[in-house]
Each structure stands twice: as structure tokens, then as C-alpha cells.
Amino acid sequence: MPGKVHVQSNINGEDTDFLCEPRQSLLEVLRDVLSLTGTKEGCNDGNCGACTVIMDGRIVDSCCVLGVEAQGKQLTTIEGIASADGLHPIQQAFLENASLQCGICTPGFIVAVKALLDREPKPTEQRVRHWLAGNLCRCTGYDKIVRAVLDASEKIQASPR
Amino acid sequence: MASNIVLSTQEYNVVGTRPIRHDGTDKVTGRAQFGADINLPGLLHGKVLRSPHAHARILSIDVSRALALPGVRAVVTSADLPRLSGQVADLEEAAMVTLKYRSDNCLASDKVLYKGHAVAAVAATSPHIADEALALIDVEYEVLPPVFNVLDAMKEDAPILHEDVFTTDMSGEIANVASNIASHFITEIGDVEAGFAEADVIVEREYETGMVHQGYIEPHNATALWHADDNITIWCSSQGQFNIRDQSAQILGIPVSKIKVIPMEIGGGFGGKNTPYLEPIAAILSRKTGRPVKLTMGRAEVFEATGPTSGGYLRVKIGVNKEGRITAAGAYLAYEAGAYPGSMVNIGAMCIFGPFDVPNARVEGYDVVVNKPKTAPYRAPGAPAAAFATETVVDEICEKIGMDPLEFRLLNGAREGGQRIGGPRYLRIGCLETVRAAKEHEHYSTPLEKPISSNGSSRRRGRGVAGGFWITASGQASAVAGVNPDGTVSLIEGSPDIGGSRAVLAMQLAEVLGIAAEDVRPMVVDTDSVGYTSTTTGSGVAFKTGWACYEAAQDVKRQMIKRAARIWDVPADDVAYSDGVLSHRSDPELRLTFKEMAARLNSTGGPIAGRATVNPSGVGGAFAVHLVDVEVDTETGKVDILRFTALQDVGKAIHPSYVEGQIQGGVVQGIGWALNEEYFYNDRGEMVNSSFLDYRMPTSLDLPMIDTVIVEVANPGHPYGVRGVGEMPIVPPMAAISNAIYDAVGIRLRTLPMSPGKVLEALWEKGC
Ligand code: FES
Ligand code: FES
């Protein structure tokens, strides 16, 4: 087994150095090396979206990215969505619309929605459903999640940060 | 267009409102600690070696090469667990459980009974090393012929899974030849032969349903620390920390008081997280290493080695007279239990004719072991397959006699004083109210639109109706309510929160005390910190633990009244408590709000904490009607859901948003079960679609909004009329969709799932 690799990246706005084995996924690094356990594992093979993070502006399943690939990258995880002033409007909309039941899928959804609304501030319902098709939720039937996204989109329009 | 309607009959201050859930912020910021999030100093990582065979005898296990791998700290097999005889224990929902089977399902001792059956486990300094070590464990098997299908397993010459399973009959009589049929029962009401003789129209049909998984997104996990004084701490996500404690204690052969189970947040369960798979393994690995050990399953392990729900074979026969009144009904149910006895066939039998007033009926059931994972409950266990059969037979009858399917349900619906087979007489229930709400719903009266013509004429639309019944359950529950000096209440309770139950419990407590839901701080605590509380199952938490919170609040109220009386030096009878204010009945000067009183407690005689332990009877029984519009593509066989309305009597919706959410989630699981979900096995008994990609649960793109109508016919057996919500909504969708497909293209599908291939085959058979 080769030794650990030194990786430098920027996570949630902070320059972060870590050591990881070449075989460790970014998901493992976030959770086990950096204790950022808000990013969840549901399948470890790219099929549930619970591990969604934003890497250089694009959403990725962190279970399908190697830790070493984070070298030089900007990452946003669920821990980086709220600000010091409080929850992000997406998070607030999830709470107000009762969009989570067990909540295990929630971080992945919120990160995916953040990436969507950053690039398309006013998506249609169909667009939201399409964008979120890679995030599985077994509890809600998606209804209240989709509503929260449309709600958050309106709120952000009404009072841009 | 999409809407959620609440038909309330009684309003309260807090109950029925929609506060933000107490644990919400932690869950939207990634702070909430789920089972796999635990980390401890010195933590080791465990992995489980699983059988490649569906049926084999274990001849030997050699772990020496694995132990020699650097980083490996321990290997365990069933030899590290105590030998349990055939003793039987009564463990909640799973009813009577043979302990040896539970233990063998954790780590196989003599035989492996399904592909994926746990055989050994490793603890190592990293999960990757543990994985590598698994490949170094040498297991010698004698491969045996397997049996996978319930009807095959019932044949006399079928391979036998257990030499010690003999069919137990209703009377308790036990056969003397080993069999895969673990039990057989017949339940009757009235005179079924005479009933069928009175019938003018009789329809009898056969059904097959496949095994499906609960599909919770969080895989199973367990972390254990075996302390040097032989006490054990277990961190895990489960539907009941007490249940996991009790079962783990039995498997480990130690007293329950030696184990503390700390409930972590749980990422979905739906019935599938009541069984200890990893907890005893983590414990013995920790005993061997002296360090905490964490195990988490991969997704394929979850599919192959935890409990899905039974597939089965069913036959239903219903007779009606010319007026459309049911005269008799019969059913035959054979459910796969998986590797060990204990399917939910008995509950399927209780529910199969539940929505109907049936004077004469006979239900026969079989619990059958096969070489597949041991089944576990899945949302209304046993009932969905039963409803799929009954509700599609009813649809056929309605067509034959020319009666509107909702009219038929009004004429034949379950009603007060009636009796379901094998059950007590119904008290106040909302079956007919729910059917009426469906009839009056705009969905039912709005004509179906024509398909969008973009794809030529290959698309057809149809509408289907189905009902359903679920028993709902109760159980033991405990709660402690400590009043804080700032006027809030710390609510300590023992029900793992899978879908917003902290809020629902806090609200019931707040309602009694006349305070805001936000002024209650609900906490789900470990097995040493609150009285016994049964599992989060059976749609029972809002009912039973809600009741405990109601009683704990009453206890606080009584003590507050006494305290006020003492402060004012008046008889307690003269003190009233209403809407959060203590007052003297005749002297308006004497008045203290809950907050003012809370601030004074410590200086006027000491703190106040209310407590309650309950085991209430009086569950309500839940009824639902679902309406669905589908579009069938006759070229591809794909079925799309265009519109779905679920109507359900919930008794009283404590937090309507979470009631709607439960209904929507249950419906969507039902849609997945109806249209695509199933275990594909090859002829060696290997599941070939054990990933989310291939198992294919519904995604957001597959669905419309799910409309709900909350009907409230208060359950007289609960202080706020609660009936229990969560399981009912998975019962009707399969039948409703099958009926809608018939309406669209004229084919009756009687096997699940109704996948594109099956739709096409049926269309071809029909000559389309
Ligand atoms: S854990 Fe990465 S997609 Fe499921
Ligand atoms: S809320 Fe449980 S999986 Fe989405």
C-alpha cells in the first residue's frame, strides 16, 4: 500500500490540507479524515446523491471522486451552506415546507438545490424534478422537497442576499 | 391544481398547527448525528464476510490468514456467540422469535440459508484493511440445493431449509415431518359456503407479488464498546433502542442491564430497522479487541442481507348478490418468510377484507421459508399484497354488475359495529367518511384529459380507485417532562424520530400545558435514561408516545396546581389551570402564567417534573381511498402516473404537514412497488440488481405532486383522536394503479411489479 498523499484544497471557503490514501474516496476523506459528517453515504456507488458536494461549481457524488482529486479544487459541503447570519433560504424553505422526514437525504438535496439555484434562479417544477433525479429520497415522495425548492427560489428573488 | 386538504372536525391551540420541527435545523445543516457519523478514540472498523451460496452447510472456517494481515485486530464467527437452544422469546412486532434463528441470522452457525448470509466478521484499523481481510478467510461449504419460490418450497419434495421446522397448525398442533411450511392457519367468520351460495356473481383470481425492499437511504450501522467491566455501549440507528438492547442481550447471552443502546438519528426504517444484524457482531469484535468497533453495511449488503418484505402467492374469491352486497369472501395467502420462519402472513390475513363489511369469510394462510434473506416488516407489513388482490377483484365485480366502485364501497364499506375477520368489532371508524370524501373530490368528477398527441396514438389514459385498511398498533411508552425555570419544558422520551415525531410529541404535551410547541425541548434518549418504550412501528408513536406525553403533561399540571395552592395558601380545588394560566376560581388577583410559575418553582418547594408510562389500548384502525390517473404507452409498456389523490382517515392530524408527508411518502413507495421494484434472482439465488441503479426506486422525475385529503374522524381511544398514519398509504396504490391500467388499456395485471415487459406481454396476449 503506497503512503498517504498530501492534498490541498479549499473547503467551504477555508484552505484545507489533508493526508489521504490514494484509494480513499472524497466522501471518506470528508467524513473520516475531516470529520465533516454532514455529507452522507447511502450507496457508495453514485446512485443516491446523499453524498452530493459542489466541486468547482459543479455537483458531484463525492463517493465517486477520489480524495486526491480534490487537489486544487474549491469544495462546498452542507456545512458550508449556512452563513454566520443564519440559515440559507433553501434550508429555511426545507424547514417551513416540512421537506424532510428522516433527514438522511437532506444534506445532499440542499447542496444539489444550491447548485441549481446558483445557476438557474427561477427553475420550473419540471426542471427541479429533472435536476434532482439523481438524489433519492425514500421518505417524502419528493412533493414537499420540490415545493421547498420553488419556494426558496421565490424567496431568493424577493430578497437577494 | 395540486392540493392538500384537511377536513377537520375539532380545532385545538397547538394540535393541528404546523410548527417547525425541533430537530430541523440540525438536519438541514448536516449537524444531526446519524449512526454512521459516530467517531470514537481508538475506533476500529468492521466488515462482514457473507455467503456466496444460497444454501450450503458450513464445513469449516479458517481465519488464520486473515488474522495475519497487518492491521487486522480480530476475526469472529458464530463460535464467538453463545449457543442458543430453540428457546422462544416474545419480542414485539416480530412476535414469537426463536432465538437461535436470530443469532444464526447475525452469524450463521451450521448452515447458510441465503446468498449474503453473514459467516464471519473482521475488525481492523481501517475499513479497507477489513475488506482485504475478508478475502483471506477460508470457508469450506457443502453446497445444497436451494428453493426460492413460495409454491416450490411448499412441495413435498422441496429441499428442506431447517430440520427443526415442523408445520404448526392453528390448534398449536405440530406436525412430525420437517417442512418449509412453518405455520398454517384458517380464520373464519359466518358461514362461507352458504354465503357463496347466495351470490349472483363470483370472481376468483390468483396473484403473485415479488420481494421488495424498504429502501431506506441510510444503510444499517452499529458501533459497540465492550467495557472492561463487561458493560456494553452500543450506538446505532434503529426503530427502537430498547428492542435492539433486548435482542442483542439475548443473542449475547447477557442481562439487558449490561447493555446501553444510544439511539442515533435514523435515516429511514419503514419496519426494516428492528432487527439486530450488526450490533452483536460489533459487540463481540469489541470484546476481542478492547476497542470500539464500528460496522456499516454497503448498499448491496442492505439489499442482500437485511430483511425485505415477503413476496407471495394469493388467491381471492368474492361473491356479491344482484344488489351488489358482498355475501361471502375467501382468501388463500402463502407468504415467503425468507430464511427463517416469520412472514407477516397473519397480518395480511387480518387486513385482507378490512375495508369491507363481509358477513361470511374464510382466510387460509401459510408462512413459508425459502432461501432468501429473512423478511422484515415493511410499512403495513402483509397488507399491501392482500389489498392488491382484494381491491382488484372488487374492481372486476363492479364492472360486472355495473356499479360505480365508490358506490360499491359505500354499500359494502366497513362500519361501526361490523367486524373484520379475526378482529374485534369496529368502534368509531372513518371508512365511509373517506369513501364519501373521495366521491366528492374534484379529482373523481373531473374527466380524464386526452393524451398529448406528440407520440401518436400509442398512449392511453385510465383512472383507478382502490381502498385499504391497516390495523395500526400501540405499545409501551414512557415520557418525562421537566419544567425549566425559563418556562420551557424538557421532554425526555424513547421513540426514535423517523419522520418528525419529536414535534408531534412536543405538540401534544404543549397542548395540555397551554404553552407553545417551541417551548418544549423534545429529546430521544438512551435505554438507561427513560422508561421502556416500544419500537417506532405500527404507526404507533403519535398514538402511544403521544399518550405518554399527554399524561406526563397532566402530571405537571397537577403538581403546578398544588404548588399554586400552596403559594396562595388556598385549597387546590380552588385553583384552575387553563390555556397555560393558573388562577384562583374566585379571586382574580391570584393568577400566574406557566412561565411565571416555572420561574418560581425552585424557590417555592423545588422543581417539578411530570412522568408517565403507558401501554394504551384503543388503536383506531385506519382506512384510505386512493384515486390515480395513469398513462400507458402501448408501444413501450411504460406506465406514467399523471395524478394521484390519497384520502385517509387519520383520526386527528397532530401536525398536518408531517401527516401529508407520511401519506405522500407511502404512496410513492407503493408506486415503486406497483411499477418497478423487485428482487431479480438468478437460478443460483443471487440477487442481480442489488444497487439503487438497478433496483430503481422512484425518483422525483417519475412523479407528479401527490395530493392528499386528511379526513378526521376522531378515534375515541386517544385523547386527541389520533389513529396512526404512516403505514396505511402504502396499502392501496398497487391495486389502484392496476385498476387504472385496466381502465386505460383493458388488461388486468395480477403480478407485481407491473413493469413495462409485463404490460407489453399482456397487451400482446390481448391482441393489441
Ligand atoms: S453515497 Fe454517493 S451517490 Fe450514494
Ligand atoms: S427524508 Fe428520509 S430519505 Fe429523504
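Residues numbered from 1 in each chain as written. Chains lettered and ligands numbered in written order. Predicted model: local features only at pLDDT ≥ 70, side-chain atom pairs only at ≥ 80, totals over all residues.

Here the focus is the overall build of chain B. The number of helices and strands found in chain B is 21 helices and 31 strands. The C-alpha radius of gyration of chain B comes to 27 Å, within 12% of the 27 Å expected for a compact globule of 768 residues. With the principal axes as the frame, chain B shows a C-alpha extent of 85 × 75 × 60 Å. A burial count over chain B gives 60% of its 768 residues as buried. Long-range pairs, those at least 24 residues apart, make up 80% of the contacts in chain B with a sequence separation of at least 6. (Helix = DSSP H or I, 4+ residues; strand = E, 2+ residues; numbered from the N terminus. Rg over C-alpha atoms; globule rule 2.2 N^0.38 Å. Buried ≥ 20, exposed ≤ 12 C-beta atoms within 10 Å, placed from the backbone. Contact = placed C-beta atoms within 7 Å.)

Our next topic: helix H20 (residues 733-745) of chain B. All names here are of chain B. Compared with an ideal rise of 1.5 Å per residue, which puts 13 residues at 18 Å, H20 spans 18 Å between its outermost C-alpha atoms and is within 8% of the ideal. Most of H20 is tucked away: 12 of the 13 residues are buried. Among the residues making up H20, those that are buried are Pro733, Met734, Ala735, Ala736, Ile737, Ser738, Asn739, Ala740, Ile741, Asp743, Ala744 and Val745. Where H20 terminates, the next one or two residues include Gly746, which has phi positive at roughly 75°. (Expected span 1.5 Å × (residues − 1).)

All names here are of chain B. On the basis of which strands lie adjacent, the open sheet formed by 7 strands has the order S4-S8-S2-S17-S14-S15-S16 and mixed pairing. In this open sheet, the two strands that pair with only one neighbour each are strand S4 (72-77) and strand S16 (259-263). For this sheet the average axis-to-axis angle between neighbouring strands, irrespective of direction, equals 25°. Inspection of the sheet shows strand S2 (residues 44-50) paired to strand S17 (residues 293-296) by 3 bridges, in the parallel sense. Within S17, the residue paired with Gly46 across the bridge is Leu295. Contacting S2, S4 and strand S8 (118-124), helix H4 (residues 127-134) runs over the sheet at an angle of about 25° to S2. The strands touched by helix H7 (residues 241-252) are strand S15 (232-236) and S16; relative to S16, the strand with the most contacts, the crossing angle is about 145°. (Pairing = 2+ DSSP bridges. Axes fitted to C-alpha atoms, helices over the stretch in contact; angles between N-to-C directions.)

Between chain A and chain B, the residue contacts involve 44 residues of the former and 44 residues of the latter. Contributing elements (two or more residues each) for the side of chain A that touches chain B: helix H2 (89-96), helix H3 (106-119), helix H4 (125-131) and helix H5 (143-158) of chain A. With 4 residues, H2(A) is the single largest residue contributor to the side of chain A that touches chain B. Considering only residue class, the side of chain A that touches chain B consists of 21 nonpolar, 13 polar and 10 charged. (Nonpolar A, V, L, I, M, F, W, Y, C, P; charged D, E, K, R; others polar.)

All right, on to the nonpolar core then. The biggest cluster of nonpolar side chains holds 295 residues, and the ones touching the most others in it are B:Ile281, B:Val368, B:Leu509 and B:Ile741. If we ignore the near neighbours within four places in the chain, the residues touching B:Val368 are B:Val150, B:Ala153, B:Met154, B:Asn180, B:Ile181, B:Ala182, B:Ala334, B:Tyr335, B:Glu336 and B:Ala337. (Core = buried A, V, L, I, M, F, W, Y, C linked by C-beta atoms within 7 Å.)

Let us now look at the pairing of strand S29 (residues 622-633) of chain B. All names here are of chain B. The buried count for S29 comes to 11 of 12 residues, which makes it a mostly enclosed element. Where strand S21 (residues 459-470) lies against S29, 12 bridges are found, and the strand directions are antiparallel. Considered in S29, the bridge of Val465 is made with Leu627. Where S29 lies against strand S30 (residues 639-649), 10 bridges are found, and the strand directions are antiparallel. Among the inter-strand pairings, His626 is bridged to a residue of S30, identified as Ala646. Linking two consecutive strands that pair antiparallel, namely S29 and S30, is a turn of 5 residues; a positive phi of about 80° is found at Gly637 within it.

Below, the discussion takes up the pairing of strand S1 (residues 5-11) of chain A. All names here are of chain A. Taken together, the 7 bridges between S1 and strand S2 (residues 14-20) define a ladder with antiparallel strand orientation. Bridging from a neighbouring strand, Val7 pairs with Phe18 of S2. What sits between S1 and S2 in their antiparallel hairpin is a turn of 2 residues, with Asn12 showing a positive phi close to 50°. Direction of pairing for S1 relative to strand S5 (residues 74-76): parallel, over a ladder of 2 bridges. Bridge pairing in S5 places Asn10 opposite Gln74.

Turning next to helix H18 (residues 656-675) of chain B. Along its 20 residues, H18(B) runs 28 Å from first to last C-alpha, staying within 8% of the 28 Å computed at 1.5 Å per residue. Most of H18(B) is tucked away: 20 of the 20 residues are buried.

Bringing the domain arrangement of chain B into the picture now. Residue and element names in this part refer to chain B. For chain B, the assigned domains read domain 1 (1-11 + 420-472 + 619-768) and domain 2 (474-614). Computed from C-alpha coordinates alone, the two centres of domain 1 and domain 2 are separated by 39 Å. If you look at the interface, domain 1 gives 17 residues, while domain 2 gives 15 residues. With 3 residues, H18 is the largest single contributor of residues to the side of domain 1 that touches domain 2. Of the residues in the side of domain 1 that touches domain 2, the class split is 9 nonpolar, 7 polar and 1 charged. (Domains from an automatic or database assignment.)

Time to look at the packing of helix H15 (residues 501-513) of chain B against helix H16 (residues 541-568) of chain B. Residue and element names in this part refer to chain B. Here H15 crosses H16 at 35°, and the two axes come no closer than 8 Å. Every pair of crossing elements has a handedness; the one defined by H15 and H16 is right-handed. For the pair H15 and H16, the contacting residues are Ser501, Val504, Leu505, Gln508, Leu509, Val512 and Leu513 in the first and Val541, Ala542, Thr545, Gly546, Cys549, Tyr550, Ala552, Ala553, Gln554, Val556 and Lys557 in the second. Tallied by class, residues from the contact of H15 with H16 come to 12 nonpolar, 5 polar and 1 charged. (Left-handed = near helix turned anticlockwise from the far one by under 90°.)

Residue and element names in this part refer to chain B. Read across the open sheet, the 3 strands follow the order S25-S26-S27; overall the sheet is antiparallel. Lying at the two open borders of the sheet, with one neighbouring strand each, are strand S25 (575-578) and strand S27 (591-593). Strand-to-strand, the axes of this sheet are offset by a mean angle of 15°, without reference to chain direction. As judged from the 4 bridges shared by S25 and strand S26 (residues 581-584), these two strands associate in the antiparallel manner. Along S26, the bridge assignment pairs Ala576 with Ser583. Packed onto the sheet, H16 meets S25, S26 and S27 and runs at close to 140° relative to S25.

Moving on to the environment of A:Asp143. As for its position among the elements, A:Asp143 is in helix H5. With 27 C-beta atoms packed within 10 Å, A:Asp143 lands in the buried category. Not counting chain neighbours up to four residues away, the residues in contact with A:Asp143 comprise B:Gln664, B:Met705 and B:Ile706.

Residues and elements named next belong to chain B. Running from amino to carboxyl end, H18 crosses H20 at an angle of 55°, the nearest separation of the two axes being 8 Å. Overall, the two elements H18 and H20 adopt an arrangement that is oblique. At the point where H18 passes H20, the crossing takes the right-handed sense. Residues Val667, Gly670, Ile671, Trp673, Ala674 and Leu675 of H18 form the contact with H20, whose own contacting residues are Pro733, Met734 and Ile737. (Parallel < 35°, antiparallel > 145°, perpendicular 65-115°, else oblique.)

Here the focus is unusual backbone geometry. Residue B:Pro753 is reached from B:Leu752 by a cis peptide bond, and omega for that bond is -5°. Relative to the helices and strands, B:Pro753 is located in the loop between H20 and helix H21 (756-766). Despite not being glycine, A:Asp56 shows a phi value in the positive range, around 45°. Considering the arrangement of structural elements, one finds A:Asp56 in the loop between strand S3 (52-55) and strand S4 (58-61).

All right, on to the domain arrangement of chain A then. All names here are of chain A. Domain assignment breaks chain A into domain 1 (5-80) and domain 2 (89-158). Distance between the C-alpha centres of domain 1 and domain 2: 21 Å. If you look at the interface, domain 1 gives 15 residues, while domain 2 gives 12 residues. Within the side of domain 1 that touches domain 2, the residues separate by chemical class into 7 nonpolar, 7 polar and 1 charged.

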